[in-house]
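The chain contents come next:
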Amino acid sequence: MPEEAEASRGAPIRVLLADDEHLIRGALAALLALEDDLSIVAEAASGTEAAAMATAHRPDVAVLDLQMPGADGVRVAATLRESVPGCRTMIVTSHGRPGHLKRALAAGVRGFVPKTASAEQLAQIIRTVHGGNRYVDPQLAADAISAGDSPLSAREAELLELAADGAPVADIAARASLTQGTVRNYLSAAAAKLGAENRHAAVRMARERGWI
């Protein structure tokens with residue numbers, strides 16, 4: 001009878017955890033491992049490592065931190081959508097912004113969860129995502145609806161992101177393979193769309209809304 005009960009439960013959900021904060025990742029792995037129906041099959045400390053680990057271990061669910069070195073969680077999710085189509089993805093973040101949520105949903109992410117969630121809540125959300133359903137934190141969903149869509153073009157957003165560390169226009173132009181005049185035009189257009197006085201203020205406003 002116990003063997004039949006074990007068989008009826010099926011195989012555990014195979015989970016990949018990716019977070020560059022080792023203490024948080026380790027604690028989360030230990031807590032989720034206490035759940036009988038979850039199995040932590042791999043851990044990663046960067047976006048690049050997460051993509052490689054997912055390809056190697058083929059998890060059922062990848063739990064991805066939003067901000068990681070190498071590639072952020074949304075970019076990893078987009079990659080896994082193509083390379084490991086059987087793996088469902090979810091984002092766990094302490095920096096949730098409306099723009100981040102919209103990017104995540106466009107990349108096929110099935111769950112978007114703040115790091116304030118408990119391990120018990122996260123385990124249940126992993127089950128929900130694995131079952132083919134979606135979970136989005138209600139507050140983040142409400143913020144995304146009220147914020148509206150980004151007015152920035154893809155190129156404007158790209159150049160604002162390159163300007164985020166205070167790089168001079170010459171450096172931004174070299175990295176984007178554009179002329180300095182073209183870069184100035186794009187940055188001016190982005191600032192005008194956001195109602196910002198300069199590109200530095202535009203970067204700040206775009207980041208606050210999660211548009212870059």
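Here, every reference points to the structure presented above.
Residues numbered from 1 in each chain as written. Predicted model: local features only at pLDDT ≥ 70, side-chain atom pairs only at ≥ 80, totals over all residues. Heavy atoms only, no water.

Caption draft 1: Focus on the overall build of the protein chain. A tally of helices and strands in the protein chain yields 11 helices and six strands. Dimensions of the protein chain, computed from the C-alpha atoms along their principal axes, are close to 75 × 35 × 30 Å. For the protein chain, with 212 residues in total, the buried portion stands at 41%. Within the protein chain, counting contacts between residues at least 6 apart in sequence, those at least 24 apart form 64% of the total. Accessible surface, the protein chain as shown: approximately 10,800 Å² in total, 51% of it carbon and sulfur. Side-chain charges of the protein chain comprise 22 positive and 26 negative groups, with the mean position of each set lying 8 Å from the other. (Helix = DSSP H or I, 4+ residues; strand = E, 2+ residues; numbered from the N terminus. Buried < 20%, exposed > 50% of the residue type's maximum accessible area, 1.4 Å probe, protein only. Contact = heavy atoms within 4.5 Å. Areas by Shrake-Rupley, 256 points an atom, 1.4 Å probe, with all protein chains shown as cover. Lys, Arg positive; Asp, Glu negative; His and termini not counted. Charge placed at Lys NZ, Arg CZ, Asp CG, Glu CD.)

Caption draft 2: Quick look at the pairing of strand β1 (residues 13-18). In terms of residue burial, β1 counts as a mostly covered element, since five of its six residues are buried. Note that β1 and strand β2 (residues 38-44) share six bridges and pair parallel. Bridge assignment links Arg14 to a residue of β2, and that residue is Ser39. As a crossover connection, the stretch from β1 through helix α2 (residues 22-32) into β2 is right-handed. Two strands pair when backbone bridges link them, and β1 and strand β3 (residues 61-65) are joined in this way by four bridges, in the parallel orientation. Note that in β3 the partner of Ala18 across the bridge is Leu64. (Pairing = 2+ DSSP bridges. Right-handed = clockwise from strand over helix to strand, strands pointing away.)

What is shown is where atoms sit, not what they do.
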